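# Coordinates in review
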Amino acid sequence: MLEERKLTKRDYFVVSSMLFGLFFGAGNLIFPLHLGQLAGQNWVPAALGFLVTGVLLPLLSVLAISITRSEGVYDVGRPLGPVFALLFMILIHGTIGPLFGTPRTATVSYTVGLAPLVPKNFQTVGLLVFSAVFFGLALFFSLEENKIVNNIGKLLNPVFLVLLAGVFFLAFSSPMGHAGVQHATAAYTSGSFVNGFLQGYNTMDALAGLAFGVTVVTAVRTLGKKRANSVALVTARAGVFAMAMIAVIYVGLIFVGAMSLGKFKVSANGGIAFDQIVNHYMGVAGQAILATLITVTCLTTAIGLVAAFAQDFHKHFPKVSYRTWLVLTTLASFLTANIGLNQIIAWSTPMLMFLYPLSMVLILLSVASPLFHKDPVVYKFVVLFTVVPAFFDMVTAFPAVVSQSSFGKAMTGFEQAYLPFANYGLAWLVPALVGAVLGVAVHVFKRVSARNTVSQTK
């Protein structure tokens, strides 16, 4: 038996704080705030939809890691075979890593926090210098794997929470308007829940929850937990607490966004909305606070993303060291960040429309896997029936150069003609349910046949 240290309440708090810091990044601030502006008086159903994909699903991803005793995204896809698992891991880490997610942490920090203070002629140079310093710090804080929990859970995350609490205090003590009387945009007059649900994709947290598995497991083990079931239990408890904190903050941000319509029009994005709100209450000093707030929260997420990428890739490609993978992903993220925020968001959306349905069904299958003994046949039916409509959703979500091409129009036309809920971006939902029913039916048939065979043999 392995000797284990009993964790204190303080240990659980530190792990929960680390999880919170890993999850709560750039999109977690700007997207719910913008959602509140879009939804207006319908902010409640929009918030409920957002909480499903922004809180419940990431929590389930943490629980999936715990229930299956996995150590990362590869293990979650393993029932479908090593080739699929490796490909899925690469796609997830590429999307939330150096291609889209990690660069976005720097571009949002700069665009929202510092760009308003930098002359227009120096914006490109400003982003270059800022992103170099930003990713230099991310690299520094993630070099030692056993110090990540301390760097995020004890140092950076409390600073962020104090600053955010100050913003909430001002917004609620002197509201800009009444959320219940603000006009909703056209898309949110009748479809606020579904649109809130889809907005939750942009946080990338369900994908991040799978990728952060190896980081969380490593951190828990450094605290003295060795057995797989003990690590799983600590991870699940910390995940529940962390996601509950995030849910409270999301509701607050959505509500503040709706109230802000009393003073401002709907902004182009949540970053602009946050800038307007903070400047309304605190002026230039508010801009400095905002810059600090955004940078700190984005830095914690960047640390988690580059560390998770390096840990997973080192595990599966061990000839390259953890530190080498860390340098490679940090450098790639730095280069991508300088393409610009608008381009990153435009090309990340299609990938999210493809990967999120796959991730959702794999998370739900992992959580429910004890019910069907982790039978690969159930996984295969569900994923097969999900991947095709998810591909159609991806093509439809691409920028006009792809979505408006003859190929893109043909895919969109077929999807809307034959797949339910395609207009809502949920073309995968019904096929996935059909795949689940068929997969479970085949699983039950196999077990009954096996029992009959045994009985006949006896």
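Residues numbered from 1 in each chain as written. Predicted model: local features only at pLDDT ≥ 70, side-chain atom pairs only at ≥ 80, totals over all residues. Heavy atoms only, no water.

Here the focus is the overall build of the chain. Of the regular secondary structure elements, the chain holds 19 helices and zero strands. In terms of C-alpha radius of gyration, the chain reaches 22 Å, essentially the compact-globule figure of 23 Å for 458 residues. Counting only C-alpha atoms, the chain reaches 85 × 60 × 40 Å along its principal axes. Counting the 458 residues in the chain, one finds 55% classified as buried. With the model as given, the accessible surface of the chain reaches about 19,200 Å², and the carbon-plus-sulfur share is 69%. Each charge sign in the chain was given a centre, from 27 positive and 13 negative side chains, and these centres are 4 Å apart. (Helix = DSSP H or I, 4+ residues; strand = E, 2+ residues; numbered from the N terminus. Rg over C-alpha atoms; globule rule 2.2 N^0.38 Å. Buried < 20%, exposed > 50% of the residue type's maximum accessible area, 1.4 Å probe, protein only. Areas by Shrake-Rupley, 256 points an atom, 1.4 Å probe, with all protein chains shown as cover. Lys, Arg positive; Asp, Glu negative; His and termini not counted. Charge placed at Lys NZ, Arg CZ, Asp CG, Glu CD.)

What follows concerns the confidence of the model for the chain. Any segment with low pLDDT has predicted coordinates that should not be analysed in fine detail. On average, residues of the chain score 85 in pLDDT, and 95% of them reach the 70 mark or higher. Mean pLDDT in the chain bottoms out at helix α8 (residues 148-173), which sits at 72, and peaks at helix α14 (residues 322-337), which reaches 95. (pLDDT = per-residue confidence, 0-100.)

The next subject is the nonpolar core. Judged by nonpolar contacts, the single largest core of 136 residues is most densely connected at Phe24, Leu29, Tyr201 and Phe274. A total of 19 residues in this core trace back to one element, the largest contributor, which is helix α13 (residues 270-316). Domain assignment of the residues forming this core places at least three in each of domain 1 (7-337) and domain 2 (349-457). Discounting residues that sit within four places of it in the chain, leucine 29 has contacts with Phe24, Phe160, Leu164, Leu253, Phe274, Ile294 and Thr297. (Core = buried A, V, L, I, M, F, W, Y, C linked by side-chain atoms within 4.5 Å. Domains from an automatic or database assignment. Contact = heavy atoms within 4.5 Å.)

This part is about the pattern of salt bridges. Summed over all chains, the structure comprises two salt bridges. Here aspartate 75 ties to lysine 315 by a salt bridge, and the two come within 4.0 Å at their closest N and O atoms. Placement of aspartate 75 in helix α4 (residues 73-77) and of lysine 315 in helix α13 is noted, with a sequence separation of 240 residues between them. Classification of lysine 315 by relative accessible area gives partly exposed; the value is 39%. A salt bridge links aspartate 375 to lysine 446, with the nearest nitrogen and oxygen atoms 3.4 Å apart. With aspartate 375 in the loop between α15 (341-368) and α16 (376-397) and lysine 446 in helix α19 (residues 429-457), this pair connects stretches of sequence that are 71 residues apart. (Salt bridge = Lys/Arg side-chain N within 4 Å of Asp/Glu carboxyl O.)

Before going further, it helps to examine α16. Helix length check: α16, at 22 residues, gives a terminal C-alpha distance of 31 Å against a target of 32 Å (1.5 Å per residue), a fit within 8%. A bend of about 25 degrees at valine 387 is the largest found in α16, and the proline proline 389 appears one to four places after it. All of the buried residues in α16 are Val377, Val378, Tyr379, Val382, Val383, Thr386, Pro389, Ala390, Phe392, Asp393, Met394 and Val395. (Expected span 1.5 Å × (residues − 1). Bend = angle between axes of the 7 residues up to and from the residue.)

Attention now moves to the side chain of threonine 105. With respect to the secondary-structure elements, threonine 105 resides in helix α6 (residues 101-114). For threonine 105, the side chain forms a polar contact with the main-chain oxygen of threonine 102, separated by 2.5 Å. (Polar contact = N/O pair within 3.5 Å; in protein donor to acceptor, adjacent residues only side chain to side chain.)

A separate point is the packing of α13 against α14. Where α13 contacts α14, the two axes come as close as 8 Å, and the packing angle between them is 130 degrees. Compared by their axis directions, α13 and α14 come out oblique. Crossing angle aside, the handedness with which α13 passes α14 is right-handed. Across the interface between the two elements, Val306, Ala307, Phe309, Ala310, Gln311, Phe313 and His314 from α13 touch Tyr322, Trp325, Leu326, Thr329 and Thr330 from α14. Partitioning the contact of α13 with α14 into residue classes produces eight nonpolar, four polar and no charged. (Axes fitted to C-alpha atoms, helices over the stretch in contact; angles between N-to-C directions. Parallel < 35°, antiparallel > 145°, perpendicular 65-115°, else oblique. Left-handed = near helix turned anticlockwise from the far one by under 90°. Nonpolar A, V, L, I, M, F, W, Y, C, P; charged D, E, K, R; others polar.)

There is a patch of nonpolar side chains on the surface, built from Val125, Leu128, Val129, Val133 and Leu137 and spanning about 420 Å² of accessible area. Along the chain, the position of leucine 128 falls in helix α7 (residues 123-142). (Patch = residues over 30% accessible without salt bridge, like charges linked within 9 Å, V, L, I, M, F, W, Y side chains within 5 Å.)

With that settled, the discussion passes to the domain arrangement of the chain. Entries for the chain in the domain assignment read domain 1 (7-337) and domain 2 (349-457). For domain 1 and domain 2, the distance between their C-alpha centroids amounts to 27 Å. Facing the 28 residues of domain 1 at the interface are 25 residues of domain 2. Together, Pro79, Leu80 and Tyr201 form the three largest contributors to the area buried by domain 1 at its contact with domain 2, with a combined 27%. Counting every contact that joins domain 1 to domain 2 gives zero salt bridges. Inspection of the region where domain 1 meets domain 2 yields two residue pairs in polar contact (both at pLDDT 80 or more). Within the residue set of the side of domain 1 that touches domain 2, elements represented by two or more residues are α3 (43-67), α5 (82-99), α9 (192-199) and α10 (205-211). Among the elements that line the side of domain 1 that touches domain 2, the one with the most residues is α3, at six residues. Looking at side-chain class alone, the side of domain 1 that touches domain 2 contains 20 nonpolar, seven polar and one charged residues. (Buried area = accessible area lost by both parts, 1.4 Å probe.)

With that settled, the discussion passes to the environment of valine 284. Looking at the secondary structure, you find valine 284 in helix α13. In this structure valine 284 comes out as exposed when scored by relative accessible area, which is 67%. When the C-alpha positions of valine 284 and proline 357 are compared, they lie 42 Å apart, and in sequence the two are 73 residues distant.

With that settled, consider unusual backbone geometry. Unusually for a residue other than glycine, methionine 204 sits at a positive phi of about 65 degrees. Counting through the fold element by element, methionine 204 comes out in the loop between α9 and α10. The residue histidine 373 is not glycine, and still its phi comes out positive at about 55 degrees. Counting through the fold element by element, histidine 373 comes out in the loop between α15 and α16.

Our focus in this paragraph is the side chain of serine 109. By secondary structure assignment, the location of serine 109 is in helix α6. Those residues in contact with serine 109, other than ones at most four positions away along the chain, are Leu114, Phe130, Phe134, Ile294, Thr295 and Cys298.

Over its 15 residues, helix α1 (residues 9-23) runs 21 Å from end to end, which matches the ideal 21 Å to within 8%, given 1.5 Å per residue. Across the 15 residues that make up α1, a large majority, twelve, are buried. Among the residues of α1, those classed as buried are Asp11, Tyr12, Val14, Val15, Ser16, Ser17, Met18, Leu19, Phe20, Gly21, Leu22 and Phe23.

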